[in-house]
Amino acid sequence: MTRISTLAPPVLALAALLAALPAAAQQAAPEGEAPAPGRAGGHGRDYFIASYDRDGDGRVTLAEYGAVRDERFAGADADGDGHLDEAEYVAEFEGRLKLQYAEQGREPDEFWDRAIKQAHVRHAVVDRDRDGLLSAEEQAMVAEDSFARGDTNGDGVVSTDDPLPPPPADAPEAAPETGASN
Ligand SMILES: [Ca+2]
Ligand SMILES: [Ca+2]
Ligand SMILES: [Ca+2]
């Protein structure tokens, strides 16, 4: 079973996922800027800002974020019923992934398959009432949570002023060192 927290902010998770792409591409690239050694969370925040900062001031307001998400939602709702079923949801993600791969000159690879699988899982997570459909209301709730998690200093905007979240609890350095296990 895929380990996934129902509290995981889907958008930031997605951002982290997509942010992993350039680093992975750079591993194969002979030249180019060395990837920042920072945590994925930092990358995720920068990706978040790059994705949602419509007016280009380096800050993302909830209004900007909501506007992009609403457009994305409407664009993904292929049958126009006001909900995103799993296929619509995954297709929208796949479209963005495809663009990103094209920008990087990458061909679908193992990471692609994993990312698509995770998109399916994510649909189940954001479908909070589990009726198989992501409603606009669910989308808004998820968006607010995701935004709040990115806005770590709580000033109402996501920017580079927001301290990065702590590393995940399952990071290697967080492994318990007690000799008591087993
Ligand atoms: Ca639909
Ligand atoms: Ca639902
Ligand atoms: Ca902030």
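Computed from a predicted model, the values in this text were never measured in an experiment. (Residues numbered from 1 in each chain as written. Chains lettered and ligands numbered in written order. Predicted model: local features only at pLDDT ≥ 70, side-chain atom pairs only at ≥ 80, totals over all residues.)

Visitor: So what exactly am I meant to see when it comes to the overall build of the chain here?
Guide: For the chain, the count of helices and strands is six helices and four strands. Overall, the chain shows an N-to-C arrangement of helices and strands of α-α-β-α-β-α-α-β-α-β. Expressed as a percentage of the 182 residues in the chain, the buried residues total 24%. (Helix = DSSP H or I, 4+ residues; strand = E, 2+ residues; numbered from the N terminus. Buried ≥ 20, exposed ≤ 12 C-beta atoms within 10 Å, placed from the backbone.)

Visitor: For this particular structure, what's the right way to read the packing of helix 4 (residues 86-104) against helix 5 (residues 110-126)?
Guide: For the pair helix 4 and helix 5, the least separation of the axes is 9 Å and the interaxial angle reads 145°. Regarding helix 4 and helix 5, the two cross each other, and that crossing is right-handed. For the pair formed by helix 4 and helix 5, the contact residues are Glu86, Tyr89, Val90, Phe93, Glu94 and Leu97 on the first element and Trp112, Ala115, Ile116, Ala119, His120 and His123 on the second. (Axes fitted to C-alpha atoms, helices over the stretch in contact; angles between N-to-C directions. Left-handed = near helix turned anticlockwise from the far one by under 90°. Contact = placed C-beta atoms within 7 Å.)

Visitor: Is there a simple way to think about the environment of Glu138 in this case?
Guide: With respect to the secondary-structure elements, Glu138 resides in helix 6 (residues 136-150). Those residues in contact with Glu138, other than ones at most four positions away along the chain, are Val126, Asp127 and Arg128.

Visitor: Looking at this structure, how should I read the packing of helix 3 (residues 62-76) against helix 6?
Guide: Working note: a packed helix pair is described by the angle between its axes plus the distance between those axes. Between helix 3 and helix 6, the shortest axis-to-axis distance is 11 Å and the interhelical angle comes to 145°. Crossing handedness for the pair helix 3 and helix 6: right-handed. The segment helix 3 lies against helix 6, with Leu62, Tyr65, Gly66, Arg69 and Phe73 engaging Ala136, Gln139, Ala143 and Phe147.

Visitor: What's the story with the environment of Gly66 in this structure? I'm lost.
Guide: Secondary-structure assignment places Gly66 in helix 3. For the pair Gly66 and Glu144, spaced 78 residues apart in sequence, the C-alpha to C-alpha distance is 8.4 Å.

Visitor: So what exactly am I meant to see when it comes to the nonpolar core here?
Guide: Inside soluble globular proteins, nonpolar side chains tend to come together where they are buried. In this structure, Phe48, Val60, Tyr89 and Val158 are the most contacted members of the largest nonpolar core, which totals 22 residues. Elements represented by at least two residues in this core include exactly helix 2 (40-52), helix 3, helix 4, helix 5, helix 6 and strand 4 (157-158). Non-local contacts of Val60, meaning those with residues more than four positions away in its chain, are made with Phe48, Ile49, Tyr52, Asp53, Tyr65, Val157 and Val158. (Core = buried A, V, L, I, M, F, W, Y, C linked by C-beta atoms within 7 Å.)

Visitor: In this structure, what is going on with the confidence of the model for the chain? I would like to understand it.
Guide: Low pLDDT means the predicted coordinates in that region are not meant to be read closely. Counting all residues, the mean pLDDT for the chain is 78, and 68% of those residues have values of 70 or more. Long-range and interchain partners of residues 4-10, a stretch whose pLDDT sits below 50, account for 13 contacts in this model, where long-range means more than four residues apart. Predicted confidence for residues 174-182 stays below pLDDT 50, and this span has one contact to residues more than four positions away or in other chains. (pLDDT = per-residue confidence, 0-100.)

Visitor: Looking at this model, I keep getting lost on unusual backbone geometry. Mind explaining?
Guide: We note that Arg130 has phi near 55°; this positive angle belongs to a residue other than glycine. With respect to the helices, strands and loops of the structure, Arg130 is situated in the loop between helix 5 and strand 3 (133-135).

Visitor: Explain helix 5 to me, please; I cannot follow it from the model alone.
Guide: Side chains of residues three or four places apart in an α-helix project in the same direction, reflecting 3.6 residues per turn. Compared with the 24 Å implied by 1.5 Å per residue over 17 residues, the 24 Å span of helix 5 between its first and last C-alpha is a close match. Every buried residue of helix 5 is accounted for by Ala115, Ala119, Arg122, His123 and Val126. Each buried residue of helix 5 sits inside an arc of 105° when the element is viewed along its axis, so together they form one side. The exposed set on the far side of helix 5, more than 90 degrees from its buried face, consists of Glu110, Asp113, Arg114 and Lys117. (Expected span 1.5 Å × (residues − 1). Arc of directions from axis to C-beta.)

Visitor: What is the right way to look at helix 3 in this model?
Guide: An ideal rise of 1.5 Å per residue puts 21 Å on 15 residues; helix 3 measures up with 21 Å between its terminal C-alpha atoms. The complete set of buried residues in helix 3 reads Tyr65, Phe73 and Ala76. Viewed along the axis of helix 3, the buried residues span an arc of 65°, placing them on a single side of the element. Relative to its buried face, helix 3 has exposed residues pointing more than 90 degrees away, namely Ala63, Glu71, Ala74 and Gly75.

Visitor: I tried to follow the environment of Ser51 on my own but got confused; where do I start?
Guide: By the element assignment, Ser51 lies in helix 2. Along the sequence, Ser51 and Val68 sit 17 residues apart, while their C-alpha atoms lie 8.7 Å from each other.

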